[in-house]
Amino acid sequence: MNHLDLLTFARGSAMNWALIIFVAGIVLRLFEIFGLSRKQDLARPRTDSPGSGWRTMFTRSIPPQGMLKREPVTYIGGYVFHLGLFLAIFFFAPHIEFFRSITGLSWRALPSALVDASVVAAIVALFVLLAHRLNNPVKRMLSGFGDYLAWTVTLLPLLTGYMAYHHLMLEYTLMLSLHIFSVELLLVLLPFTKLFHTFSVFVSRWYNGDFYGRKGVAS
Amino acid sequence: MSATLAKGINAFKEVIDTPIASYFSSCVHCGLCAEACLFHNETGDPKYTPIHKLEPLRRVWKQEYTLLGKLGKMLGLSKPVTDEELTEWEPLVYDSCTMCGRCSMVCPVGNDITYMIRKMREGMSASGHAPEDMKGATKRAIEIGSPMGIKWPAVQAQIKHVQAETNIEVPVDKMGADYLVLMSSMEIINFPEYLSAISRIFKQAGVSWTLAPDAFEATNSGIQIGSSDLAREIVSRIVVAAERLKVKCVISPECGHAFTAIRWEGPNLMGKPFGFEVKHILEVLDELHAAGKLKTKGKDKRPLTYHDPCQITRRGGVVEQPRRLLGSVAEDFREMPDAGVMNWCCGGGGGVSANSRAEPLRLEVFKVKKRQIEATGVHTMITACANCRIVMEEGLEHYHMKVEVLGLTELLAEYLVEGE
């Protein structure tokens, strides 16, 4: 199998399988969560605060008073990483082309140089956060194999994408194939690791917001 | 009913619901909850990280309610929860968590960790892993009617005393009264000022109220130890009395967890919405004040601060009321740093103050309260929870601080315009 065959395989059946596992995994995990159900809250809410859960889905991205000062590395590192990754996934022209090929939807890309910078920022943030995880006693205690696995499979697409774009180390077709394989690895593992927070975060934030909203406390 | 590991694991399985599954699914091990926790903050010990306190519950969730976890269990790859582990976790779940709710406000993925601790305690108590003192308090609450072993005659003695002092009749078992007033054991034993203040304020405001001999105790050890069956029995006494006397509203006293027990957990424990309202005393006083029925004269010259009890403020939504009330009687009211919904716990909530084993830790973590008070420079602190009050009095004494703690209701009564 030459490099081109490898790329064809990566783009073709490997991608299809990865997407199938990704979607099925997400559906399964959501079933696992919602299948448990919850009891209706019979206590009369203090105020009718419709939308408290929905609002909290977004407001929880803002650090509560005093927290940014306490944990600047986690917050700033977290913002830089998430924003950088988001821009790279959704606003890099070849990625938009990929999304268009499977959904038919497309939107405007950001200049490649800007995406490039955001990828570098996200990679740097990942390494800073890893160092913090290894140094901070709380984070180190909480961390296990799953945390380091999640870190690795998140780094790989960023790193291989950067290297492919800059034609570093390996021949471009081969590096691009590796980039796509690393994305497929991420897709397959996402539903079954803590990376699933990409989806469940909206559910957990909603419940938190709903709880506090019923009590008349903004969260 | 004897407690066993199997019962505990079953209770864990029963309490895990959609919110809990979403919380465990979302946790990214960022550790920010530790920064919000009183116990981690003051000791620096990572074992007090809130989400870590839930580790046994998390594993039960994973092994029972996720496909991957079930596979792992079938293949013998997962570590089952054992009695030894729960013994090790007992001090984390009970001694070093006051269910204050700060971590739940801070968690970036929105995990309501406090909600999970409350639920986890169901399994801890069912498996026999609750602190002895809390078991004793719960037993007294069920058998005698109060966690401190107080019976109605003790309340009667206080009523007599209050009547002699104020010349106001304290209504008992008055059918059709608007309000049923509850008290906490702590108020009956340590702070008789509360009943006296209520009598005077309500007389002046023309409020129709009553006490009930079968439901005078507002506290609920059942929700602290984590036994919904017992919590339901304790709450049902209040529900029965409120329905028997046909009151419109039940007033939760200056006590934090009592408010959570009656106002928020009560209808869920009973399995039906209440036909009456439940309000915290500060809400009632604020309404009377707004309606011009609670008139005060003069202002307290002392610099004052207010300690927000967690269950009343952060977990209960009574935030502005005490500030409006204090505004009417305090000349120099000063907020503590982090006051309001992010206030730091006194260290004795959630049953911690009833657990003598936790006392050294509780006094250690009081340092944050010490700093908060020192930042205001006051020597008088007002609060609205008798448990916070006694815990803070002990802490203040331990650190040789000359700060007086008062209940807000009693402070208002001091400035009440009477006899008009």
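Cut-off values and rules
Residues numbered from 1 in each chain as written. Chains lettered and ligands numbered in written order. Predicted model: local features only at pLDDT ≥ 70, side-chain atom pairs only at ≥ 80, totals over all residues. Helix = DSSP H or I, 4+ residues; strand = E, 2+ residues; numbered from the N terminus. Buried ≥ 20, exposed ≤ 12 C-beta atoms within 10 Å, placed from the backbone. Contact = placed C-beta atoms within 7 Å. Expected span 1.5 Å × (residues − 1). Pairing = 2+ DSSP bridges. Axes fitted to C-alpha atoms, helices over the stretch in contact; angles between N-to-C directions. Parallel < 35°, antiparallel > 145°, perpendicular 65-115°, else oblique. Left-handed = near helix turned anticlockwise from the far one by under 90°. Nonpolar A, V, L, I, M, F, W, Y, C, P; charged D, E, K, R; others polar. Arc of directions from axis to C-beta. Domains from an automatic or database assignment.

Colleague: Got a minute to help me understand the overall build of chain A in this structure?
Modeller: Each helix and strand counted, chain A has ten helices and zero strands in total. In chain A, the succession of α and β elements from N to C terminus is α-α-α-α-α-α-α-α-α-α. For chain A, the spread of C-alpha atoms along the three principal axes comes to 65 × 35 × 35 Å. Buried positions account for 33% of the 219 residues belonging to chain A. Residue pairs in contact within chain A that sit at least 24 positions apart in sequence constitute 74% of those at least 6 positions apart.

Colleague: Is there a simple way to explain helix 9 (residues 172-189) of chain A in this structure?
Modeller: Because the α-helix completes a turn every 3.6 residues, residues three or four places apart line up on one side. For helix 9 of chain A, which comprises 18 residues, the first-to-last C-alpha distance of 26 Å matches the rise-based estimate of 26 Å (1.5 Å per residue) to within 8%. In terms of residue burial, helix 9 of chain A counts as a mostly covered element, since 13 of its 18 residues are buried.

Colleague: For this particular structure, what's the right way to read the sheet that holds strand 4 (residues 277-280) of chain B?
Modeller: Pairing between the strands of a sheet is mediated by backbone hydrogen bonds and can be parallel or antiparallel. All names here are of chain B. Sheet architecture is open: four strands sit in the order 2-1-3-4, paired in parallel fashion. The sheet terminates laterally at strand 2 (209-210) and strand 4, the two strands that pair on one side only. Sheet analysis places strand 3 (residues 249-252) next to strand 4, joined by four bridges and oriented parallel. Across the sheet, residue Val250 finds its bridge partner in strand 4, namely Val278. Sitting on the sheet, helix 17 (residues 281-290) is in contact with strand 3 and strand 4, with an inclination near 85° to strand 4.

Colleague: Mind showing me how you'd approach the sheet that holds strand 7 (residues 380-383) of chain B here?
Modeller: All names here are of chain B. Strand order in this open sheet of four strands is 6-5-7-8, and the pairing throughout is parallel. Two strands close off the open sheet at either side, each with one partner strand: strand 6 (330-333) and strand 8 (404-407). Neighbour to neighbour, the strand axes of the sheet diverge by 45° on average, direction disregarded. Relative to strand 8, strand 7 runs parallel, the two sharing four bridges. When the sheet's bridge partners are listed, Met381 is paired in strand 8 with Val405. In the packing of helix 18 (residues 320-329) onto the sheet, contacts are made with strand 5 (300-306), strand 6 and strand 7, and the angle to strand 6 comes to roughly 120°.

Colleague: Explain unusual backbone geometry to me, please; I cannot follow it from the model alone.
Modeller: Residue and element names in this part refer to chain B. With phi around 65°, Asn167 is a residue other than glycine that occupies positive phi space. With respect to the helices, strands and loops of the structure, Asn167 is situated in the loop between helix 11 (152-166) and strand 1 (179-181). When the 10 C-beta atoms within 10 Å are taken as the criterion, Asn167 is described as exposed.

Colleague: How do you make sense of the packing of helix 10 (residues 197-214) of chain A against helix 2 (residues 18-26) of chain B when you look at a structure like this?
Modeller: Packed helix pairs are specified by the crossing angle of their axes together with the interaxial distance, meaning the distance between the axes. The interhelical angle for the contact between helix 10 of chain A and helix 2 of chain B, taken along N-to-C directions, is 135°, at an axis separation of 8 Å. Judged on the interaxial angle alone, helix 2 of chain B and helix 10 of chain A are oblique. The handedness of the crossing between helix 10 of chain A and helix 2 of chain B comes out as left-handed. For the pair helix 10 of chain A and helix 2 of chain B, contact is made by His197(A), Ser200(A), Val201(A), Val203(A), Ser204(A) and Tyr207(A) and by Pro19(B), Ser22(B), Tyr23(B), Ser25(B) and Ser26(B), respectively. Of the residues assigned to the contact of helix 10 of chain A with helix 2 of chain B, the class counts are five nonpolar, six polar and no charged.

Colleague: Could you clarify how one ought to interpret helix 11 of chain B in this entry?
Modeller: Residue and element names in this part refer to chain B. For helix 11, built from 15 residues, the straight-helix expectation of 21 Å at 1.5 Å per residue is met to within 8% by its first-to-last C-alpha distance of 21 Å. Those residues of helix 11 that sit buried are Val155, Gln158, Ile159 and Val162. Projected down its long axis, helix 11 carries its buried residues within an arc of 105°, all on one side. Facing away from the buried side of helix 11 by more than 90 degrees, the exposed set consists of Pro153, Ala157, Lys160 and Ala164. Against helix 12 (185-189) and helix 13 (193-205) lie the buried residues of helix 11.

Colleague: Before we go on, may I ask you to explain the domain arrangement of chain B in this structure?
Modeller: Accessible area lost upon the coming together of the parts is a frequently used measure of interface size. Residue and element names in this part refer to chain B. Split into domains, chain B comes out as domain 1 (5-130), domain 2 (140-288) and domain 3 (294-414). Computed from C-alpha coordinates alone, the two centres of domain 1 and domain 3 are separated by 30 Å. Opposite the 15 residues of domain 1 that make contact, domain 3 presents 21 residues. Of all the secondary-structure elements, those providing two or more residues to the side of domain 1 that touches domain 3 are helix 4 (38-43), helix 7 (83-95) and helix 8 (102-106). The element best represented in the side of domain 1 that touches domain 3 is helix 4, accounting for five residues. Broken down by class, the residue content of the side of domain 1 that touches domain 3 amounts to seven nonpolar, five polar and three charged.

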